[in-house]
Amino acid sequence: MRLTGFFIFAASVALLPVLFPDNYFVTVVGIAAGLHVILAVGLNLLIGYAGQISLGHAAFFGMGAYASAILTTRFDWPGLLAMLVGLLVTGTIAWLLAQPILRLRGHYLAMATLGFGVIVHVILVQATHWTGGPDGLGEIPALSLLGWIVDDDQRWYGVIAAAMLLSIWLSLNLVDSRIGRALRAVRGSEFAAEMMGIDATRAKTQIFVVSALFAAFAGSLFAHQQAFISPDSFSLMISVELVTMVVLGGIASTFGAACGAIALTLLHESLVVFEDYELLIHGALLMAVMIFLPQGLFVGLTQGVRRRWISRIASRQDMKGERNSTVQQ
Amino acid sequence: MTHSSILLAVEALEQSFGGVMALAGVSFQTPENLIYAIIGPNGAGKTTLFNVLCGFYQPTAGHLRFDGQELRGLPSHRIAALGIARTFQNLQLFFNMTVLENVMVGCHLRGRTSLLAAALRLPKVRHEERRLRQWAGEALELCELSSHAERSAGALPYGLMKRVEIARALAAKPRLLLLDEPAAGLNDTETMALRDLLSRIRAAGVTILLVEHHMPLVMSVSDRLLVLDYGSVLAEGAPAEIQANPRVIAAYLGGAVQYAI
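Residues numbered from 1 in each chain as written. Chains lettered and ligands numbered in written order. Predicted model: local features only at pLDDT ≥ 70, side-chain atom pairs only at ≥ 80, totals over all residues. Heavy atoms only, no water.

Focus on the pairing of strand 9 (residues 224–229) of chain B
Every other side chain in a regular strand lies on the same face of the sheet, so the side chains alternate between the two faces. Residue and element names in this part refer to chain B. Note the following rule: Here the term buried applies to any residue with accessible area under 20% of the maximum for its type, exposed to any over 50%, and partly exposed to those in between, with areas from a 1.4 Å probe on protein chains only. Helix and strand assignments follow DSSP, with helices taken as H or I runs no shorter than four residues and strands as E runs no shorter than two, numbered in order from the N terminus. For two strands to be treated as a pair, DSSP must find at least two bridges joining them.
The buried fraction of strand 9 amounts to six of the six residues, a majority that puts the element mostly inside the structure. Of the two faces of strand 9, both are covered, the one formed by Arg-224, Leu-226 and Leu-228 as well as the one formed by Leu-225, Val-227 and Asp-229. Where strand 3 (residues 35–39) and strand 9 come together, four bridges link them in parallel fashion. If you follow Ile-39 over to strand 9, its bridge partner there is Val-227.

So, in structure tokens, the structure goes:
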């Protein structure tokens, strides 16, 4: 079935807090991983399926976060409304940005999105009146969902897990549809795609906006969950890390992106014990994955398992075949 | 010959790249429902003509009318929407997809699903998916590819890849199908199968514009021929007329004519 993988994943996400109640690793790390999954799955739509790179995705993450933070703290807007407006604003900016930027290809596109990311970061630091500057914005109220206040880690785990599953579901649907096929066609051969009647520029613009919306959605949740945000969380390094998640898990696979996001989050958490050596080990592990599993963790491992399984079945059938033939002889 | 309407009318088409005239005033008319072949030596401007027709190049001068509608200045996807599909001389399959998915991309224009509907997978999307799958299946069947539907397009042998391109183009239900050297790289058996396929496509009411070097195929399958040389029209007519044309023989066909006869 099409969604088998999704249901297995959803069940394990739901089971974790039941199996490990009040576990720091499950709740706090789970929340961080969940947000990363939303970001990576959205970015994967752009990188993996449309074949376009963005090195400025933290900017959209930041826009969603700051829109929620500013509207709820300075204007006392309800959280959900602020989130909606944040999505609307981010989507519009992404659409405007896509007009000139998606005419560029390859390295130029990477440079342009990188530049955009830097500009947004500078604005977050410099526009102190609105953003609080480098000191950040605090006292962001807890999110209230129709009267249900999300104010502890358990609840946040539930909300973010639901949001994460929603984004995975949306992504799986999109990929396996007329729109998703059009995107993959554009990635395969833009000229041929155009000849199938696909407006390549429109397809790329649309998915750029969708991808930005995923990031803004995660940003908005992040702001409420952290209750405090600062520009550090939306720097160039974060953009690069998001691309790493997509590539690490396996490009052009929704679960690959999710897997990369979870793996990288866990890696950060577990390497903390190594203190100064953390970055060194981190880098070495990434290199090892890319050398030994160039298709990414998820894609590489699932393919490996599948291949071994198929060859085992094949060899069993061979043995049967041999036995039959000897009988016939 | 019965009176058939003109599907494609090309008038005084010019295409220059810098100082090089790839097409120097080409005019011809393609009637509906037949196989119209374009032949000529390498560099005669055949593929350039296709690329102009598809909106990949903007012509320097001249007109292209498809069923009365001017194609000049339209982007490729709009031209495709008018009912023109094509295959490519150097394969342009989507190797990152299965055969069925490739052909389903060919059905793109026959679907309506929007991004939002697709993301939410509304019931009407599921409905449309089923229909697209069915249409793609029909195109695969016409091209005798049904048994390869679930294979990855990149893993197919060359001859099959070329047929997948035809199936993908047909899936759009075009009125005019441009085939750029469909027989190149095929063995004799595959070429015979291709000839039958072309006849079947014509019988289904699709007009074919065929660029091809394989003379026996061209002469046996086409209804009319256009001979290009150095970007100009050298001759135009039925296969028998072309084979008897001394200018064509002198300029290009040579031994191939004997072979064809």
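Some remarks on the nonpolar core
A general feature of soluble globular proteins is that nonpolar side chains tend to end up buried together. Rules: Joining through side-chain atoms within 4.5 Å is the link that ties buried Ala, Val, Leu, Ile, Met, Phe, Trp, Tyr and Cys residues into a set, and such a set is a nonpolar core. In this analysis, two residues are considered to be in contact whenever any of their non-hydrogen atoms come within 4.5 Å of each other.
Counting residues in hydrophobic clusters, the biggest one holds 133 residues, and the most contacted among them are A:Ile168, A:Leu221, A:Ile229, B:Phe28, B:Ile38 and B:Leu209. Broken down by element, this core gets its largest block of residues, 14 residues, from helix 10 (residues 200–226) of chain A. In contact with A:Ile168, not counting residues within four places along its chain, are A:Phe6, A:Phe9, A:Val37, A:Val41, A:Thr254, A:Phe255 and A:Ala258. In terms of nonpolar packing, the next biggest core, distinct from the first, is built from 51 residues, B:Trp135, B:Ala139, B:Ile208 and B:Leu210 among them.

Points about the pattern of salt bridges
Residue and element names in this part refer to chain B. Stated precisely, the cut-off is as follows: Any carboxyl oxygen of Asp or Glu that lies within 4 Å of a side-chain nitrogen of Lys or Arg is treated as forming a salt bridge with it.
Summed over the entire model, instances satisfying the criterion amount to eleven salt bridges over all chains. Across the pair Glu-11 and Arg-65 runs a salt bridge, and its minimum N-O distance is 2.9 Å. With Glu-11 in strand 1 (residues 6–17) and Arg-65 in strand 4 (residues 61–66), the pair connects residues that are 54 residues apart, well separated along the chain. Judged by its relative accessible area of 33%, Glu-11 is partly exposed.

Quick look at the sheet that holds strand 2 (residues 20–31) of chain B
All names here are of chain B. Selection criterion: Helix axes are fitted only over the stretch in contact, all axes being lines through C-alpha atoms; the angle between N-to-C directions runs from 0 to 180 degrees.
With antiparallel pairing, four strands are arranged side by side in an open sheet as 2-1-4-5. A strand with exactly one partner marks an edge of an open sheet, and here the two such strands are strand 2 and strand 5 (69–70). Both strand 4 and strand 5 contribute to a ladder of two bridges, which runs antiparallel. If you follow Phe-66 over to strand 5, its bridge partner there is Gln-69. Packing of helix 1 (residues 46–53) onto the sheet brings it into contact with strand 1, strand 2 and strand 4, and relative to strand 1 it is tilted by some 110°.

So, the interface of chain B and chain A
For clarity, the threshold we go by: When two parts are brought into contact, each loses some accessible area as probed by a 1.4 Å sphere; the total of that loss over both is the buried area. Counting of polar contacts relies on pairs of N or O atoms within 3.5 Å, with two restrictions inside protein: one atom must be capable of donating a hydrogen and the other of accepting it, and residues adjacent in sequence are counted only when both atoms are side-chain atoms. Polar here means any residue outside two lists: the nonpolar Ala, Val, Leu, Ile, Met, Phe, Trp, Tyr, Cys and Pro, and the charged Asp, Glu, Lys and Arg; Gly therefore counts as polar.
Facing 32 residues of chain B, the contacting portion of chain A comprises 28 residues. Taken over both partners, the interface formed by chain B and chain A buries close to 2900 Å², and the fraction arising from carbon and sulfur atoms is 65%. In this assembly, chain B and chain A are joined by two salt bridges. The salt bridge involving B:Glu129 is made with A:Arg181; its shortest N-O contact spans 2.9 Å. Run the count over chain B and chain A and you get eleven residue pairs in polar contact (both at pLDDT 80 or more). Secondary structure elements with two or more residues in the side of chain B that touches chain A: helix 2 (76–82), strand 6 (84–86), helix 3 (99–106), helix 4 (115–120) and helix 5 (123–142) of chain B. Within the side of chain B that touches chain A, the residues separate by chemical class into 15 nonpolar, ten polar and seven charged.

A short note on helix 6 (residues 158–171) of chain B
Test applied: Expected helix span is given by 1.5 Å per residue-to-residue step, counting one fewer step than there are residues.
For helix 6 of chain B, spanning 14 residues, the distance from its first C-alpha to its last is 20 Å, which sits close to the expected 20 Å at 1.5 Å a residue. Counting buried positions along helix 6 of chain B yields twelve of 14 residues, so the element is predominantly enclosed. Taken residue by residue, helix 6 of chain B has B:Gly159, B:Leu160, B:Met161, B:Lys162, B:Val164, B:Glu165, B:Ile166, B:Ala167, B:Arg168, B:Ala169, B:Leu170 and B:Ala171 as its buried positions. As for helix 6 of chain B, its buried residues are in contact with helix 9 (190–195) of chain A together with strand 6, helix 3, helix 5, strand 7 (176–180) and helix 7 (188–203) of chain B.

Describing the domain arrangement of chain A
All names here are of chain A. Operational definition: What marks off one domain from the next here is an automatic or database domain assignment.
Assigned domains of chain A: these are domain 1 (4–292) and domain 2 (295–329). Inter-centroid distance (C-alpha atoms) of domain 1 to domain 2 is 39 Å. Roughly 510 Å² of surface becomes buried between domain 1 and domain 2 when both sides are summed, with 78% attributable to carbon and sulfur atoms. Inspection of the region where domain 1 meets domain 2 yields zero salt bridges. At the boundary of domain 1 and domain 2, one finds three residue pairs in polar contact (both at pLDDT 80 or more). Taken together, the elements giving at least two residues each to the side of domain 1 that touches domain 2 come down to helix 11 (236–249) and helix 12 (254–271). In terms of residue count, helix 12 provides more of the side of domain 1 that touches domain 2 than any other element does, four residues in total. For the side of domain 1 that touches domain 2, the class distribution of residues is seven nonpolar, four polar and no charged.

Details of the pairing of strand 7 of chain B
Residue and element names in this part refer to chain B. The following threshold applies: If the strands point away from the viewer and the path from the first strand over the helix to the second runs clockwise, then the crossover is right-handed.
Among the five residues in strand 7, five count as buried, and that is most of the element. Residues of strand 7 alternate between two faces, with Leu-176, Leu-178 and Asp-180 on one and Leu-177 and Leu-179 on the opposite face, all of them buried. Examined bridge by bridge, strand 6 and strand 7 share three bridges and lie parallel to one another. Across the sheet, residue Ile-84 finds its bridge partner in strand 7, namely Leu-176. Judged from the five bridges that link them, strand 7 and strand 8 (residues 207–211) form a sheet pairing that is parallel. Bridge pairing links Leu-178 to Leu-209 in strand 8. In this view, the connection linking strand 7 to its parallel neighbour strand 8 by way of helix 7 has right-handed handedness.

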